[in-house]
Structures are given as C-alpha cells and as structure tokens.
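Take a look at the letters that make up each chain.
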Amino acid sequence: MKKIFLIVSCVFSFLMISCSKSNQVHSVNENALFTLGYGNFEDELNLFDLARNGTISTYMTMRDGFFYIANGEAKKILELNSYGDLLSLYYNDEYLKDVAFAGKNSISSTKKAIPYPFSTLGPVAVDSRKYIYAVDTLPTERQERDASNRLLLSLVVLRFDSNGKFIDYLGQQGPGGTPFPYIKNIYTTRENELVVVCTTNEGLVAYWFNIDGFLLYTVPVSKNTVPKLKTNENEEAPAYISVENIIPDCSEHKLYVKVDYYMASMDSALKVQSGIDYYTTFLCPLNVDTALYDEPLEIPPYEYSVTENLTKEIYNLPFDFLGVTENGWFFFIVPNEEGFIVQMVQPDGQRIVKRALSVDHSKNLYYTLSLSGNGIISGLFVRNDNAQAVWWRTDSLLASFINQ
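Being a predicted model, the structure only gives us computed values, none of them experimental.

**What to know about the overall build of the protein**
At step 1: When helices and strands are counted, the protein shows 1 helix and 34 strands.
At step 2: For the protein, the residues scored as buried account for 53% of the 404 residues in total.
At step 3: Carbon and sulfur atoms make up 46% of the accessible area of the protein, which totals about 19,200 Å².

This is how it looks when you write it as structure tokens:
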C-alpha cells in the first residue's frame, strides 16, 4: 500500500469490546460520591422505564464540585453538591406536585425550587456564572420541518440565571430562533459563550453564541469539508471518512474536529475488497474566525488483542473524543472489559498518558460521563437499586505532569 499522510484543507460508538488489553495500563482511583434512589420525590430519579425501548433522557455534568442532573423522565433538573445534598430543583409542576423542597417562588433562598414546564430534557451545561443551559423539546405544534434537508426541528436550549430565573430559549439564530435539529451536546467556554453541536443528515453543525445568546458562528462540518488523506504522490487516497465529534476550545474561537479514516481491505487470494478497516484518527483544529484548519494531531488508537486457537491477533480501534480541558489537554475514552481506558493527549502531542478506570459494566443499566474544564471525569451509573455518582481525579494526574 502507498504511504499515506494528511494534507490540511483550507475549507471547511462507544464499542463494547469483548477482549483483553494488549498492554497493562495504570489505574486511576475511583471516588464514589453519593447515590440517588429511584422514585418520584424531589431528590430521587425517575428511571422506571429502562426496560422499555427508546432513548434514555438523563444527562449529567459537573462544574466546580457541583453536579447537575437533567432527569428527562421526571421532567426536572437537580443541582447537588458532591455529598449528594439537593441544592436546587427545576421541575415541571404538572408532573411533580406537592414539592416539599424549598418553596415555589424561592428564588432568593439558599435552596431553590423553580417550576418550569419541561417537556423532554436533553444535555445540560453550566457556565462560570452558574447559569444553567438545558436542551428541551418544543410542543408538537411549535416544531418545524426542514423539508430540503429532511430534518425535524424540535429542540431549543433553555437558559436560567444563577438565581434560577428563566431568561429565554435559544434557537439557531439566538433568542427565540428556529428550533435546532438533533442536539448531540452543548458546551460553555471560559468566556461564558455557548456552543451547540447538532447532527444532521449531512454531518455535524456547531452553533456558537456569545455571552448574551446572540449567534456568532454557524459552522457545518461534513466528510466532504474535513482534511483528506493523500498519497505521497499528492493524490487523494480512497479513504472512508467519519466525523465522530466536535468539541470547542475553552478559550479560543476554535473547534476540534475528530475524524476517523478507514481503508478498504483486500482479499489477497480473490483480489477483491473484503471489508473496511480502521486506518487512523486525526484531531483537526478548525479556526472558526478564518474557516481554516490548523495542523492536525494524530491520535493513537486503542490496541486490543484476541487470542483464539493459540493465535494472538492485535487490532486497533479509535477512541471516542470525550473533551478538552482549560489547559488544552485532549481526553479520549473507550470501554473495555475492566471499565474504560482514558487517553490524555498534551496540546502539542508530545506527551500521551493512558489510564484505566475500573468499572463493573455488568452492574450498569445505563451511564453518562462528563469531563470538567479542570480535567475531572465524572460519571453517573444507573444500576438496579440506585444511581451512583463518582469521579476520577485525573486533574491531579495532569497537574503532576504540568509541574515537571
């Protein structure tokens, strides 16, 4: 096969692996923080329908030691400290009645109970002012259809200030704008700007809003606009491209586009294509001010081995892109039999750190993971009897490397 490298263009899942790791990786200790029971009380989660088909609508994020859980099944958002104490409750009073926690109009109180007619909650984010952003679904009569792109536009991002007061909702153009298509995730930056990443039939689209909610950029990213693989003769390689994720930088107007490349595999005997094999992954920084890609960073794959009939085979798989910290470290993660392998890559790619996170997947019915700006990985693991919040202090690990 010809040697292949990446030429930068100037235009703009988790897999469960039934195998063993090829290399031993040191572990990061898990810190179990608190558990939440199941039920209809204020400090409980409604997750009674896990056995039914459909999407789970419970999401979690952590900022500055506080956990924010959007429990779509109960139409509420919980703010808790790291001990599991409920500090604020945002709830649909048509769904959750007789709230004993704080009181309905308790905006000036230390503990807040804020009624809001949530529908089907999605991802949640929090900025440094403790403004809460939550994805929600509009009523059917207010949804729109984009016939030309075959999209249902049904989602908005709700904004609440630090006192719990509802500000407005954001659509594609800003406050009160056209609803979004499916929202993959939302992010806040150090400047308290909001980035909404949507999935369309053509690829991903990032909407970047300023601190007041007004649209700064709309950035579509598809397999046709990302950097292509080229042969050493500067010809485009016949690669299959998958744009896996987009995550914004914390400080700059920059998006990190994770692109996985696959190549056709050939049957040497029959001389025909026998399948498609993973080839490589690049993290492509996109400057949204100039619409130009900076130098890409190659991301090492996850290597795993399979032994069968005394024969050992080594395979490569791409990591999933979990996030980027305020000091610029990139986090990638992949599940394995023992839990997860997390790969932390320095901004210049000079240092790559791998660690294992021990998790017993057999006990989990559902989980959601979050990366904080200072580099703490948090998880909410839903089990038969309760939901457990944990974190791994990978921030301390990174600090030790930064100080070297």
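**Topic: the sheet that holds strand β6 (residues 76-80)**
Each strand in a sheet pairs with another by means of backbone hydrogen bonds, the pair being arranged parallel or else antiparallel.
At step 1: Spatial strand order, β4-β5-β6-β7-β8: 5 strands in an open sheet with mixed pairing. Two strands in the sheet have a free side with no partner beyond their single neighbour: β4 (58-63) and β8 (112-115). Each strand of the sheet is rotated relative to its neighbour by a mean of 10 degrees, with strand direction disregarded.

**Topic: the nonpolar core**
At step 1: V219, V221, L255, V257, L283, F330 and F332 are the most contacted members of the largest nonpolar core, which has 41 residues in total.
At step 2: By residue number, the principal contributor to this core is strand β22 (residues 254-267), which donates 5 residues.
At step 3: Ignoring any residue separated from it by four or fewer positions in sequence, one finds F330 in contact with Y256, L283, L297, F321, G323, V324, Q343, M344, V345, Q346 and P347.
At step 4: By size, the runner-up hydrophobic cluster in this structure holds 25 residues, among which are Y38, L80, L86 and A387.

**Quick look at the layout of surface pockets**
At step 1: There is about 240 Å³ of room inside the second largest pocket.
At step 2: The wall of the second largest pocket is formed by 15 residues, among which Y59, G122, T137, L155 and Y182 lie closest to the centre.
At step 3: Among the residues making up the lining of the second largest pocket, the classes are represented as 9 nonpolar, 6 polar and no charged.

**What to know about the sheet that holds strand β28 (residues 320-324)**
At step 1: Taken together, the 4 strands give an open sheet; going across it, the order is β28-β29-β30-β31, and neighbouring strands pair in antiparallel fashion. Looking along the sheet, the strands with just one partner apiece sit at the ends: β28 and β31 (352-358). For this sheet, the mean inter-axis angle between neighbouring strands, taken without regard to orientation, is 25 degrees.
At step 2: Bridge count between strand β30 (residues 339-345) and β31: 7 bridges; the pairing is antiparallel. The partner of G339 across the bridge, within β31, is S358.

**Some words on the pattern of salt bridges**
At step 1: For the structure on display, the rule yields 10 salt bridges.
At step 2: Residue R129 pairs with D127 through a salt bridge whose shortest N-O separation is 2.7 Å.
At step 3: D127 sits in the buried class, given a relative accessible area of 0%.
At step 4: When salt bridges with common partners are traced through the structure, they connect E244, K258 and D260 into a single cluster.

**Re the environment of E141**
At step 1: If you trace the backbone, E141 turns up in the loop between β10 (132-137) and β11 (144-146).
At step 2: Sequence separation of E141 and S154 is 13 residues, and the distance between their C-alpha atoms is 9.8 Å.

**Focus on the packing of aromatic side chains**
At step 1: Counted under the stated rule, the structure contains 21 aromatic pairs.
At step 2: Between Y116 and F166, the aromatic rings sit 4.8 Å apart at their centres with planes inclined by 40 degrees, giving tilted as the arrangement. Here Y116, found in the loop between β8 and β9 (124-126), pairs with F166, found in strand β14 (residues 166-171); they are 50 residues apart in sequence, far enough to count as distant.
At step 3: Exposure remark for F166: the relative accessible area of 30% places this residue in the partly exposed category.
At step 4: Taken together, a centroid distance of 5.8 Å and an interplanar angle of 70 degrees make the contact between Y262 and Y278 edge-to-face. Pair noted here: Y262 is in strand β22 and Y278 is in strand β23 (residues 272-287), with a separation of 16 residues, a long-range link.
At step 5: What links up through ring pairs into an aromatic cluster is the set Y90, Y116, F118, F160 and F166.
At step 6: If you follow R129 out to its NZ or CZ, it ends over the ring of Y131, 3.7 Å from the centre.
At step 7: Over the ring of W391 we find R393; its NZ or CZ atom is 5.7 Å from the centre of that ring.

**Considering unusual backbone geometry**
At step 1: Notably, R150 is not glycine yet its phi reads approximately 55 degrees, a positive angle.
At step 2: Take R150: it is sitting in the loop between β11 and β12 (151-153).
At step 3: The residue A291 is not glycine, and still its phi comes out positive at about 60 degrees.
At step 4: Here A291 is to be found in the loop between β23 and β24 (292-293).
At step 5: By relative accessible area, A291 is classed as buried at 19%.

**So, the pairing of strand β16 (residues 183-188)**
At step 1: Sheet topology places β16 next to strand β17 (residues 194-199); 5 bridges connect them, and they run antiparallel. Directly across from T188, in β17, lies its bridge partner L194.
At step 2: If you look at the hairpin formed by β16 and β17, you'll find 5 residues sitting between the two strands, and N192 has a positive phi there, around 60 degrees.

**Comments concerning the side chain of D249**
At step 1: With respect to the helices and strands, the residue D249 is situated in the loop between β21 (239-248) and β22.
At step 2: Despite its burial, D249 pairs with no opposite charge; the closest candidate is K254, at 6.0 Å N-O.
At step 3: A distance of 2.6 Å separates polar atoms of two side chains, one belonging to D249 and the other to Y256.
At step 4: In this structure D249 touches T189, W208, K254, Y256 and V324, once residues within four positions along its chain are discounted.

Conventions we followed
- Residues numbered from 1 in each chain as written.
- Predicted model: local features only at pLDDT ≥ 70, side-chain atom pairs only at ≥ 80, totals over all residues.
- Heavy atoms only, no water.
- Helix = DSSP H or I, 4+ residues; strand = E, 2+ residues; numbered from the N terminus.
- Buried < 20%, exposed > 50% of the residue type's maximum accessible area, 1.4 Å probe, protein only.
- Areas by Shrake-Rupley, 256 points an atom, 1.4 Å probe, with all protein chains shown as cover.
- Pairing = 2+ DSSP bridges.
- Axes fitted to C-alpha atoms, helices over the stretch in contact; angles between N-to-C directions.
- Core = buried A, V, L, I, M, F, W, Y, C linked by side-chain atoms within 4.5 Å.
- Contact = heavy atoms within 4.5 Å.
- 1 Å grid on protein atoms, 1.4 Å probe; cavity = no way out; pocket = protein on both sides within 12 Å on 5 of 7 lines; lining within 4 Å.
- Points joined across faces, edges and corners; volume = space filled by probe spheres on them.
- Nonpolar A, V, L, I, M, F, W, Y, C, P; charged D, E, K, R; others polar.
- Salt bridge = Lys/Arg side-chain N within 4 Å of Asp/Glu carboxyl O.
- Phe/Tyr/Trp six-rings, centres within 6.5 Å; stacked < 30°, edge-to-face > 60°.
- Lys NZ or Arg CZ within 6 Å of the ring centre and 35° of its normal.
- Lys, Arg positive; Asp, Glu negative; His and termini not counted.
- Polar contact = N/O pair within 3.5 Å; in protein donor to acceptor, adjacent residues only side chain to side chain.

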